[in-house]
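Below are the chains, spelled out letter by letter.
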Amino acid sequence: MAEVVAPSTVEINDAVFCSHLKEVCQECDYDGREENDSFYGFETTDRDPIEAPAVTTNKDGVYQCKKHGSAECNQCFGWKKQITRARTAAKKAGRK
Ligand SMILES: [Zn+2]
Ligand SMILES: [Zn+2]
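The rules behind the values
- Residues numbered from 1 in each chain as written.
- Chains lettered and ligands numbered in written order.
- Predicted model: local features only at pLDDT ≥ 70, side-chain atom pairs only at ≥ 80, totals over all residues.
- Heavy atoms only, no water.
- Donors = N, O, S within 2.8 Å, 3.2 Å for Na, K, Ca; no water.
- Tetrahedral: all angles 85-135°; square planar, octahedral: opposite > 155°, others 65-115°.
- Buried < 20%, exposed > 50% of the residue type's maximum accessible area, 1.4 Å probe, protein only.

### Observations regarding the coordination of the zinc ion (ligand 1)
Ideal values differ by geometry: the angle at a metal is 109.5 degrees with four tetrahedral donors, but 90 or 180 degrees with six octahedral donors. Protein ligation of the zinc ion (ligand 1) involves Cys18 (SG), His20 (ND1), Cys25 (SG) and Cys28 (SG), the donor distances falling in the range 1.9 to 2.3 Å. Geometry at the zinc ion (ligand 1) is tetrahedral, judged from its four donor atoms and the angles of 103 to 121 degrees they form at the metal. In primary-sequence terms, the residues that donate to the zinc ion (ligand 1) follow C-x1-H-x4-C-x2-C. Given the relative accessible area of 3%, Cys25 is considered buried.

In structure tokens form, the structure reads like this:
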């Protein structure tokens, strides 16, 4: 690899993902866990990445959930809950 190109990211209801809608992506060498953790006031842990549900974009290019057509859907985009769960699982597994 010659140049390091900053991967393009997207925001879904305040959480950051790579353009493939992954929080951790090998394809673009991206790891957004630290950013998302700090956004929600968590310390970074080696947790499993949160996963974006099926989304569509509206005419303004804003991501919204496919299920409810909402850009701020707390059911589909409940990141804090997902992160909390992943952190608990990581702690149980003895990861730091
Ligand atoms: Zn990616
Ligand atoms: Zn939804």
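### Re the coordination of the zinc ion (ligand 2)
Listed as protein donors to the zinc ion (ligand 2) are Cys65 (SG), His68 (ND1), Cys73 (SG) and Cys76 (SG); their distances from the metal cover 1.9 to 2.4 Å. Metal-centred angles of 104 to 115 degrees between the four donor atoms at the zinc ion (ligand 2) mark the site as tetrahedral. Here the donor residues for the zinc ion (ligand 2) map to a single chain with the spacing C-x2-H-x4-C-x2-C. Taken individually, Cys73 and Cys76 each receive the classification buried, so the pair is uniform in this respect.

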